[in-house]
Amino acid sequence: MLRLLLAPLRWLFRVVLALLILFEEWGWEPLRRVFALIAKLPVIRQVETLLKRLPPRWAFVVLVLPSLLILPIKLLAVWLVASGRVALGVGVIVAAKVGGTALLAWLFQLIQPALMQLAWFARLYGRWTAWKAELLAWVRASGVWRAARAIKLRVKRLFRRA
């Protein structure tokens with residue numbers, strides 16, 4: 001009985017997580033490339049060199065820092081929404097999410113080798129990637145995903161013909 005009650009909640013949880021992960025997946029590479037353009041600045045190249053040399057534990061600290069630094073921005077967004085400036089608050093959250101994803105993608109690319117030297121991180125990362133692949137396979141097997149892909153292909157064909 002309890003399983004029947006929890007099934008819809010589990011499904012909803014998977015859908016929400018899938019949407020978040022899909023946003024990250026779709027944004028990760030393009031945002032990393034945009035950040036890589038910024039990284040051509042000499043100062044940023046020096047920072048990259050330092051980041052690549054970090055020992056594993058410091059690399060983990062660097063990985064966690066953006067999450068901590070974005071917290072005040074999220075609080076600002078909540079305050080804006082509570083103050084009645086909903087559009088601005090949502091805009092701040094979206095900008096913070098996009099900027100944070102770009103920064104994290106760039107950082108992770110640089111420090112991943114050091115992070116993988118931490119046995120616990122490598123183990124968790126392996127589990128995470130396996131779980132994420134399973135979740136994305138579940139999404140891609142869904143009727144909604146297949147319908148969305150079909151619509152996307154039709155729209156692409158229409159634009160090519162035009």
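Scroll up to find the structure.
Residues numbered from 1 in each chain as written. Predicted model: local features only at pLDDT ≥ 70, side-chain atom pairs only at ≥ 80, totals over all residues. Heavy atoms only, no water.

A. Quick peek at the overall build of the chain. Of regular secondary structure, the chain possesses 6 helices and 0 strands. What you see in the chain, going N to C, is helices and strands ordered as α-α-α-α-α-α. For 162 residues, the compact-globule estimate of 2.2 N^0.38 gives 15 Å, and the chain exceeds it by more than 25% at 20 Å. Counting across all 162 residues of the chain, residues that qualify as buried make up 24%. Across the chain, every contact between residues at least 6 apart in sequence was considered, and the portion connecting residues at least 24 apart equals 73%. (Helix = DSSP H or I, 4+ residues; strand = E, 2+ residues; numbered from the N terminus. Rg over C-alpha atoms; globule rule 2.2 N^0.38 Å. Buried < 20%, exposed > 50% of the residue type's maximum accessible area, 1.4 Å probe, protein only. Contact = heavy atoms within 4.5 Å.)

B. Broad picture of the environment of Val81. Turning to its location among the elements, Val81 is positioned in helix H3 (residues 56–82). Accessibility expressed as a relative area gives 36% for Val81, which makes it partly exposed. In this structure, the C-alpha to C-alpha distance between Val81 and Arg57, residues 24 residues apart in sequence, is 37 Å. If sequence neighbours within four positions are ignored, Val81 has contacts with Val86, Gly89 and Val90.

C. Focus on the nonpolar core. Core analysis: the biggest nonpolar cluster contains 17 residues, and Leu51, Leu63, Trp106, Ile111, Leu115 and Phe121 have the highest contact counts within it. For this core, the elements supplying multiple residues, two or more each, are helix H1 (2–38), H3 and helix H4 (86–115). With 8 residues, the single largest contributor to this core is H4. The contacts of Trp106, once residues within four sequence positions are left out, are Arg32, Phe35, Ala39, Ile44, Val47, Glu48 and Leu51. By size, the runner-up hydrophobic cluster in this structure holds 6 residues, among which are Ile21, Leu135, Val139 and Trp145. (Core = buried A, V, L, I, M, F, W, Y, C linked by side-chain atoms within 4.5 Å.)

D. Inspection of the packing of aromatic side chains at higher detail. Scanning the model with the defined rule gives 5 aromatic pairs in all. Judged by centre distance (5.1 Å) and plane angle (80°), the rings of Phe60 and Trp120 are edge-to-face. Separated by 60 residues along the polypeptide, Phe60 in helix H3 and Trp120 in helix H5 (residues 119–140) bring together distant segments of the chain. The class for Phe60 is partly exposed, based on a relative accessible area of 28%. Here Trp120 and Phe121 contribute two aromatic rings whose centre-to-centre distance is 5.9 Å and whose plane-to-plane angle is 80°, an arrangement assigned as edge-to-face. When its relative accessible area of 9% is taken as the criterion, Phe121 is described as buried. (Phe/Tyr/Trp six-rings, centres within 6.5 Å; stacked < 30°, edge-to-face > 60°.)

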